[in-house]
Amino acid sequence: MGRGSRIIVVDFGGQYTHLIARRCRELGVYSEIVEPEGVVAELGRGDVGGVILSGGPRSAYEPGSPTVDLGAIVSRGLPVLGICYGHQLITRLFGGRVSRGRFGEYGRTLIEVIEHDSLLEGMPRRFNVWMSHGDSVVEPPPGFRITSVSEGGVITSMSEEERRIYSLQFHPEVAHTEHGMRILENFLRRICGIEPWWSPGDRISELIEEIRRTVSEDERVICAVSGGVDSLTTAILVSRAIGDRLYCIFVDHGLLRKNERENVEDSLRRFGVKNLIVVDARRRFLEKLRGVSDPEEKRRIIGEEFIRVFEEEAGKIPGVRWLAQGTIYPDRIESGRASRAAALIKSHHNVGGLPERMNLKLLEPLRDFYKDEVREIARRLGLPDEIVKRHPFPGPGLAVRIIGEVTEEKLEICREANAILEEELRRSGLYDGVWQAFAVVCDDKWVGVMGDRRIDGYIVIIRIVESVDGMTADWHRIDHGLLERISSRITREVPGVTMVAYAATPKPPSTIEPC
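Residues numbered from 1 in each chain as written. Predicted model: local features only at pLDDT ≥ 70, side-chain atom pairs only at ≥ 80, totals over all residues. Heavy atoms only, no water.

Undergrad: What am I meant to see in helix 5 (residues 180–191) here?
TA: Each turn of an α-helix holds 3.6 residues, which means side chains three or four residues apart point in the same direction. Between its first and last C-alpha, helix 5 extends 16 Å over twelve residues, near the 16 Å set by a 1.5 Å rise per residue. Among the residues of helix 5, those classed as buried are Gly180, Ile183, Leu184, Asn186, Phe187, Leu188, Arg189 and Ile191. Just beyond helix 5, the residue with positive phi is Gly193, at close to 70°. (Helix = DSSP H or I, 4+ residues; strand = E, 2+ residues; numbered from the N terminus. Expected span 1.5 Å × (residues − 1). Buried < 20%, exposed > 50% of the residue type's maximum accessible area, 1.4 Å probe, protein only.)

Below is the structure:
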């Protein structure tokens, strides 16, 4: 195949499917996730250089378990790599046998290579891999050779090199698998013959040209911007493409981080965005949230009110035909929009429902990129590090970090505590090394002693997590001296706080955000 060929990753519901696609992109090959029923259509586009079958929670031998037209793939001479469930599905479809093992293998597992093929070329005889399976291949299909086994005797890899079909019981995409990236690189380079060609930062001029081709010269575009890197990068790309036919609308709902409004205004104006409309709707949102404690109800109110405010402002601009939105690739996948032809709106943290209500078309220049790739584009555009590297922030803002009713007092506490946390993390050099860090204000009070008198103050919970994509996360083992400085500053500098706690639970079982 060669330069420009892409890899499609068939999604069978595995928890690591996103990681497979990301790893291929990190190796310089563009990859997309597709549903099993969409594979044949993707093959018809003619630019597929190989197919990877993901893991999944089902058993390959169960009636109704997901499958794929392997014949259509193999008949085109395309290489196939099955991982976990994909390994077992290949076995079943080609006449081997899969069954429930005597024991499952989970976590780090030692395997032994008994025969090197093109996939395992250069691998040591013994190395650790990451397992997560209960079923096993007990009899490989005719013509397949076993290339490695685990300590427990489980078949961990096999291949049929003449047709370039390979499979692994373990997960090479997970960082805990030693030499995992080398195995994937062997598949991409040696087997598929695809050299590195994908670099998100190199696509800026193409993205700008695509926007120019999409938006007619007599059409205008509106864009909802927040303080996040996705929406700001989208706005700058569209601005460079169509100039003053772009109108950016920033709704200050009063649930923002400290100085967020000023930072957004400064960034957009610095990059030449001429039509910036800033709506001060703080009182309006607080009134709507008064007396509301249920998290889902808060989200609903904020989403609906945001749409109303945005619609009011957008309606004042004549000739608007497009809504530009910072949708990124995981957003499309998680909302069932992997197809390029799909055009459904994502959740309310942008402007959900507005395209249908105002008869607008969606413009999503970042729809094919992961968060780290968007950051690379933003960096190439010249956005400052404080925006490029900024941690994810929920669409409903600080409302989801306030337990119970949202009040002005709680908002101020949350905003100031969060600012102190970020300042200390940047000072220590930790900020860029973690996925997310923020402060949560609880509804309950804690008795404190300040100035020789007892007071009832709020509890602030500090949450710092490490993650790759936010789908799973571990709590950060923070240095105790740093935690002490953060706690001391919050109780000293933020009125009304008498207790600071630290959240030490991973996702799962917890979520990253409190609600």
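Undergrad: Any chance you could explain the packing of helix 6 (residues 204–214) against helix 7 (residues 229–242) here in plain terms?
TA: When two helices pack together, their arrangement is given by the angle between their axes and by how far apart the axes lie. Their axes nearest at 8 Å, the elements helix 6 and helix 7 cross at an angle of 65°. Along this stretch, helix 6 crosses helix 7, giving a crossing that reads as right-handed. Where helix 6 abuts helix 7, its residues Ile204, Leu207, Ile208, Ile211 and Arg212 lie against Leu237, Val238, Arg240, Ala241 and Ile242. (Axes fitted to C-alpha atoms, helices over the stretch in contact; angles between N-to-C directions. Left-handed = near helix turned anticlockwise from the far one by under 90°. Contact = heavy atoms within 4.5 Å.)

Undergrad: Would you mind going over the nonpolar core with me for this structure?
TA: Across soluble globular proteins, nonpolar side chains have a tendency to be buried as a group. Core analysis: the largest hydrophobic core is formed by 52 residues, its most contacted members being Ile222, Leu425, Ile462, Ile464 and Ile490. When residues in this core are grouped by element, the largest group, seven residues, is from helix 15 (residues 408–428). The contact partners of Leu425, leaving out residues within four places of it in the chain, are Leu430, Tyr431, Ala437, Ile464, Leu482 and Ile486. (Core = buried A, V, L, I, M, F, W, Y, C linked by side-chain atoms within 4.5 Å.)

Undergrad: Would you mind showing me how to read the pattern of salt bridges here?
TA: Should the charged atoms of two oppositely charged side chains come close, the side chains can pair. Tallied over the entire structure, the rule returns 56 salt bridges. A salt bridge links Asp280 to Arg261; the nearest nitrogen and oxygen atoms lie 3.6 Å apart. On the criterion of sequence distance, the pair formed by Asp280 in strand 12 (residues 275–280) and Arg261 in helix 8 (residues 260–270) is long-range, its members being 19 residues apart. Under the relative-accessibility criterion, Arg261 is labelled partly exposed at 22%. For Asp385, the salt bridge is made with Lys389, and the minimal N-O distance between the two is 3.8 Å. Since its relative accessible area comes to 40%, Asp385 is described here as partly exposed. One salt-bridge network, in which partners are shared between bridges, spans Arg284, Glu297, Arg300, Glu304, Glu305, Arg308 and Glu312. (Salt bridge = Lys/Arg side-chain N within 4 Å of Asp/Glu carboxyl O.)

Undergrad: Explanation requested: the packing of aromatic side chains in the structure shown.
TA: Summed over all chains, the structure comprises nine aromatic pairs. Ring centres of Phe12 and Tyr85 lie 5.1 Å apart, and the angle between their planes is 50°; this geometry places the pair in the tilted category. Residue Phe12 is located in the loop between strand 1 (6–10) and helix 1 (17–26), and its partner Tyr85 is located in helix 4 (residues 85–93); the two are separated by 73 residues in the primary sequence. Classification of Phe12 as buried rests on a relative accessible area of 6%. Their ring planes at 90° and their centres at 6.4 Å tell us that Phe127 and Phe170 sit as a pair that is edge-to-face. Remark: Phe170 occurs in the loop between strand 9 (165–168) and helix 5 and Phe127 occurs in strand 6 (residues 126–139); sequence separation between them is 43 residues. Assigned by exposure class, Phe127 and Phe170 land together as buried. Between the NZ or CZ atom of Arg426 and the centre of the ring of Tyr431, over which it lies, the distance is 4.0 Å. Looking at Lys445, its charged tip hangs above the ring of Tyr458, at a distance of 4.5 Å from the centre. (Phe/Tyr/Trp six-rings, centres within 6.5 Å; stacked < 30°, edge-to-face > 60°. Lys NZ or Arg CZ within 6 Å of the ring centre and 35° of its normal.)

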